[in-house]
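Working through the structure, step by step
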Amino acid sequence: MPPSKPESLKKKISENSHFQVPTPTPTPSTMMLQHPPPLHSNSTKFSIFASAFSHNLPPSSAHDMGLKISKRASSSSSSSSSGNFRGSVKHGTSNVYDQRAQERVLEEEASQISETGLKILQGQAFPLGVSEVDNGINFAIFSQHATAVTLCLSLPKRGNLYGLDGGMIELALDPRVNKTGDIWHICIEDLPRSNVLYGYRVDGPRSWGQGHRFDGSIVLIDPYAKLIEGRRYFGDAKYKLTKFLGTYDFDSLPFDWGNNKLPNIPEKDLVVYEMNVRAFTADESSGLDPDIRGSYLGVIKKIPHLLELGINAVELLPVFEFDEFEFQRRPNPRDHLINTWGYSTLNFFAPMSRYANGGGGPLKASREFKEMVKALHGAGIEVILDVVYNHTNEADDENSYTTSFRGIDNKVYYMVDGNGQLLNFSGCGNTFNCNHPVVMELILDSLRHWVVEYHVDGFRFDLASVLCRGADGSPLNAPPLVRAITKDAVLSRCKIIAEPWDCGGLYLVGRFPNWDRWAEWNGKYRDDIRRFIKGDPGMKGSLATRVSGSADLYRVNKRKPYHSINFIIAHDGLTLYDLVSYNCKHNDANGENGNDGCNDNFSWNCGFEGETDDGNIKALRSRQMKNFHLTLMISQGTPMMLMGDEYGHTRYGNNNSYGHDTAINNFQWGQLEKRKNSHFRFFAEAIKFRQSHRVFARENFLSKNDVTWHEDNWDNYDSKFLAFTLHDNNGADIYLAFNAHDFFFKASLPSPPPKRRWFRVVDTNLKSPDDFVHEGVPGCGSTYNIAPYSSILLEAKS
């Protein structure tokens, strides 16, 4: 099967339409974002930016800052407003190298500045974003090709946290003073330390053929904004055209992590649970208060379920700020959809604000995200983030949705061809220019921020092959970004996982540049296991290779079996239940005439397409789901399962359900309860059995002393039976057999180790609770008659 291509299949379409300026509802400060140390203290970082500068540093002699200040009505800050905003009074002042001259000019201009209540200073180039400095709040933004940059501010009314102070204050930066190299900067005294919204208007060359997409009429999000303000409730259609702006908070106390310790689970011991924060508890069946459903706090409430299941790591679908209404910005066949997966990033630093409970907004979201991480860590569960650095929400040129990078410096942030056209290796209209020095540093700063500020344990990189492309899209043997992530001191403790393909055909499974650290989503494992279990001929050898840790792919240099992230099901594609219930995808509800989603699913409906009352078919489907899960849990490597598969969640054959904020994606807690003592029980027992038996999670690849294959006919194309014994140093061997034939297979059992006998632990053909007996059932003879499409596991015990 071709590699999973979630982004190409989603074909996210968004538009550059006119937006409403938000009327934010700021909340009292509840936390403090600790900004990273100034980059100017790091000569290496400074040199990276300096290498991209096309301008000399400004001279030290005093000259006019040329700041232009105006107050605009709220509606005028929408993307439809005119770009002519330079009719305000010009304020001359000196630069910081002549402090007395600066103070004199500021004093002379006091009458004009007093209109805003703000005092303006030159500012500093580092750190990028917003930072608190001794003399005020500093703003710094990179743009190599911009000719004009204007800082736009919305201040809260004094004493009223629910409105804007009459409009936007706009401060046009003078490149002679407010620019160092390619970084534009300004410092403002007496600016509130929180509840301020801000953005930038950026103008420059209009030559699309050279790759530029400047438009000075649009207020843009700072790429380094640590918090994003927009609509407060997920999917609130009344505010679907809301503008997103950056905000900050320097008032609140640092988050109290207490004695919370990082789990630091060895990679070989991980059992990963891929999940969506919102979908996990959004359904009414979660039993949670409506304000908590679909939130970070909702995840905390359901930690007991995760512990009962037995997993020890969650891999969260994107939690960076995204716009769930991106498909509804203009009439189109998909304007009924709501992006619920989140693979469409607005900003790489800010947590998704609408995952805060009760419409709490960005400050609350930041604190509650930390509370979630702290609670998961307290339960011994690691937090891995699914991150999307291969593209952004800004789409293509035909249906662009300009919110940040495109308008700040398109030619730097995105890959363009020789004609200035966007290259598209992501399937979403644009491709982030990851190995450009400035873009690379942005990504590294983002990753460090999530580790230092939010204590996350690792990252899974969506369409990671994009990270291996140069500015022109050509593959790189040693991509600088991938190497930098590998060698970074802050990221050294993190799990780093690649989805080793992209939508341009760069398929790197087993070949991703890894420096012996990167793990990979093993797409070949997924395909081979699916094909064997459903009964395809000629797959016996492939099954043996995959359950052994895929040594054909990963036994290179110092790589280990756990660098293979084994999975059968992921967020994109069919669920486990649908894999055994549908031969074809059923994606009509997506509005793309069934053209989206993968066509090669290696699925089998067990005799009937979709739902049925036939007891035999339902029993077969149940066996097949158990076969898949057992195979996953006994394989060498790192297993990953999908949220909902533990009770048999269905999307009714939709294998690309990115746009449905409904029961199609939402965890159904009622169904879990109905299957708690059958399907769920088997899944939980299999996970716990894996974790209590080290033979399934070896540090190194299997040797001839570790496994015995009970097979002398590997070349038999029609054979669909495989049996083997995993040897334990203490004699607690494990015998496994998989029968994908449509008839019973009488297997001869090997002799158990001395003073041991075989106990039946698993027979997927049996009904619960006999299908999985953790302590084992004695009485196995010299043979075992294995049912069609079923598996067994025997344990040698004294």
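Let me sum up the structure you'll find in this document. (Residues numbered from 1 in each chain as written. Predicted model: local features only at pLDDT ≥ 70, side-chain atom pairs only at ≥ 80, totals over all residues. Heavy atoms only, no water.)

**Comments concerning the nonpolar core**
What counts, and what does not: We define the nonpolar core as a collection of buried residues of types Ala, Val, Leu, Ile, Met, Phe, Trp, Tyr and Cys that are connected through side-chain atoms lying within 4.5 Å of one another. Using a 1.4 Å probe on the protein chains alone, a residue whose accessible area is under 20% of its type maximum counts as buried, one over 50% counts as exposed, and one in between counts as partly exposed. Throughout, a contact is declared for two residues whenever any of their heavy atoms are within 4.5 Å.
Of all hydrophobic cores here, the largest spans 172 residues; its most connected members are Phe139, Leu153, Tyr273, Leu385, Phe459 and Phe461. Dropping the residues within four chain positions of it, phenylalanine 459 is found in contact with Ile384, Leu385, Val387, Leu447, Trp450, Val451, Leu491, Cys494, Lys495, Ile496 and Ile497. Counting residues in hydrophobic clusters, the runner-up holds 19 residues, among them Ile265, Leu463, Trp521 and Phe701.

**So, the layout of surface pockets**
The cut-off we apply is this: Of the two site types, the cavity is a set of points on a 1 Å grid over the protein atoms alone where a 1.4 Å probe fits but cannot get out, and the pocket is an open set with protein on both sides within 12 Å along at least five of seven lines, each lined by residues with an atom within 4 Å of a point. Grid points are joined across faces, edges and corners, and a volume is the space filled by probe spheres set on the points. Here a strand is any run of E in DSSP of at least two residues, a helix any run of H or I of at least four, and the numbering for each starts at the N terminus. Polar here means any residue other than Ala, Val, Leu, Ile, Met, Phe, Trp, Tyr, Cys and Pro, which are nonpolar, and Asp, Glu, Lys and Arg, which are charged; Gly is therefore polar.
A volume near 640 Å³ is recorded for the largest pocket. Looking at the largest pocket, it is lined by 23 residues, and the ones nearest its centre are Lys618, Ala619, Ser622, Met625 and His679. With 7 residues, the single largest contributor to the lining of the largest pocket is helix α16 (residues 615-634). Here the residues of the lining of the largest pocket are counted per class, giving 5 nonpolar, 10 polar and 8 charged.

**Re the sheet that holds strand β30 (residues 790-797)**
Under the convention used in this document: Note on pairing: DSSP must find at least two bridges between two strands before they are called paired. Lines fitted to C-alpha atoms define the axes here, with helix axes fitted over just the stretch in contact, and angles between the N-to-C directions of these axes take values from 0 to 180 degrees.
Ordered by their spatial adjacency, 6 strands build an open sheet running β23-β24-β25-β30-β27-β28, and the pairing between neighbours is antiparallel. Across the chains shown, the open sheet's two edge strands, defined by having one partner strand only, are β23 (707-709) and β28 (772-777). For this sheet, the mean angle separating the axes of adjacent strands, direction not counted, is 20°. As paired strands, β23 and strand β24 (residues 721-726) are joined by 3 bridges and run antiparallel to one another. What sits directly across from valine 707, in β24, is leucine 726. Running over the sheet, helix α18 (residues 679-691) touches β25 (734-739), β27 (757-763), β28 and β30 and is turned about 55° from β28.

**Focus on the packing of α16 against α18**
Keep this limit in mind: Throughout, the term roughly parallel applies to angles under 35 degrees, roughly antiparallel to angles over 145, roughly perpendicular to angles from 65 to 115, and oblique to all others. Take the far helix as your reference; a near helix turned counterclockwise from it by less than a right angle gives a left-handed crossing, and one turned clockwise gives a right-handed crossing.
Where α16 contacts α18, the axes come no closer than 9 Å and their chain directions differ by 15°. In this view, α16 runs roughly parallel relative to α18, as classed from their interaxial angle. For the pair α16 and α18, the crossing hand works out as right-handed. On α18, the residues touching Met625, Lys626, His629, Leu632, Met633 and Ile634 of α16 are His679, Phe682, Phe683, Ala686, Ile687 and Arg690. Tallied by class, residues from the contact of α16 with α18 come to 8 nonpolar, 2 polar and 2 charged.

**Observations regarding the packing of aromatic side chains**
What counts here: Two rings from Phe, Tyr or Trp (for Trp, the six-membered ring) form a pair when their centres sit within 6.5 Å of each other. Planes less than 30 degrees apart are called stacked, planes more than 60 degrees apart edge-to-face, and all others tilted. Whether a charge sits over a ring comes down to the Lys NZ or Arg CZ being within 6 Å of the ring centre and within 35 degrees of the ring normal.
For the coordinates displayed, the defined rule picks out 49 aromatic pairs. Their ring planes at 80° and their centres at 5.6 Å tell us that tyrosine 296 and tyrosine 355 sit as a pair that is edge-to-face. With tyrosine 296 in helix α6 (residues 296-301) and tyrosine 355 in the loop between β16 (313-316) and α8 (362-378), this residue pair connects regions lying 59 residues apart in the sequence. For the pair tyrosine 296 and tyrosine 355, a shared accessibility class is recorded, and that class is buried. Relative to tyrosine 389, the ring of phenylalanine 320 has its centre 6.1 Å away and its plane inclined at 65°; by these criteria the two rings are edge-to-face. Here the residue phenylalanine 320 occupies a position in the loop between β16 and α8, and tyrosine 389 occupies one in the loop between β17 (382-387) and α9 (405-413), the gap between them amounting to 69 residues. In this pair, the class of phenylalanine 320 matches that of tyrosine 389, namely buried. Lying over the aromatic face of phenylalanine 602, arginine 531 brings its terminal NZ or CZ to 5.5 Å of the ring centre.

**A short note on the pattern of salt bridges**
Under the convention used in this document: Any Lys or Arg side-chain nitrogen located within 4 Å of an Asp or Glu carboxyl oxygen qualifies as a salt bridge.
By the definition in use, this model includes 40 salt bridges. Its salt-bridge partner being aspartate 203, residue arginine 206 comes within 2.8 Å of it at the nearest N-O pair. Between arginine 231 and glutamate 324 there is a salt bridge, with the nearest N and O atoms lying 3.1 Å from each other. With arginine 231 in the loop between β13 (227-229) and β14 (245-249) and glutamate 324 in the loop between β16 and α8, the pair connects residues that are 93 residues apart, well separated along the chain. An identical accessibility class is assigned to arginine 231 and glutamate 324; each is buried. Residues joined by salt bridges that share partners form a network here, namely Arg231, Glu321, Asp323, Glu324, Arg329 and Arg354.

**Looking at helix α11 (residues 480-487)**
Think of an α-helix as 3.6 residues a turn; residues three or four steps apart then line up on the same face. Selection rule: This arc is built from the directions going out from the helix axis to the C-beta atoms.
Taken residue by residue, α11 has Leu481, Val482, Ile485 and Thr486 as its buried positions. One face of α11 carries all of its buried residues, which in axial projection span an arc of 140°.

**Some thoughts on the state of the cysteines**
For clarity, the threshold we go by: Cysteine sulfurs are considered disulfide-paired once they come within 2.5 Å of each other.
All told, the structure shown has 0 disulfides when counted by the stated rule. Left without a disulfide partner, cysteine 434 is nearest to the cysteine sulfur of cysteine 468, which lies 9.3 Å away.

**Regarding the side chain of aspartate 596**
Here is the rule: In this tally Asp and Glu are treated as negative and Lys and Arg as positive; neither His nor the chain ends contributes. Polar contacts here mean pairs of N or O atoms no more than 3.5 Å apart (in protein, one a potential hydrogen donor and the other a potential acceptor; neighbouring residues in sequence count only if both atoms are side-chain atoms).
For aspartate 596, the location among the structural elements is in the loop between α15 (576-579) and α16. Buried charge without a partner: aspartate 596 forms no salt bridge, and the closest opposite charge is lysine 585, 5.6 Å away. A polar atom in the side chain of aspartate 596 sits 2.8 Å from the side chain of asparagine 656.

**Some words on the sheet that holds strand β21 (residues 564-567)**
Taken in spatial order, the 8 strands of this closed barrel run β15-β16-β17-β18-β19-β20-β21-β22, and their pairing is parallel. Averaged over all pairs of adjacent strands, the angle between strand axes in this sheet comes to 25°, irrespective of strand direction. As paired elements, β16 and β17 share 4 bridges and run parallel to each other. Note that in β17 the partner of leucine 316 across the bridge is leucine 385.

**Concerning unusual backbone geometry**
Cis peptide bonds are those with omega within 30 degrees of zero, and the linkage from phenylalanine 126 to proline 127 qualifies with -5°. Checked against the element boundaries, proline 127 lands in the loop between β3 (119-121) and β4 (129-133). The backbone phi angle of asparagine 557 is positive, close to 55°, even though this residue is not glycine. Looking at the secondary structure, you find asparagine 557 in the loop between α14 (551-554) and β21. A positive phi angle, close to 50°, is found at phenylalanine 602, a residue other than glycine. Take phenylalanine 602: it is sitting in the loop between α15 and α16. Residue phenylalanine 602 is classed as partly exposed on the basis of its relative accessible area, which comes to 22%.

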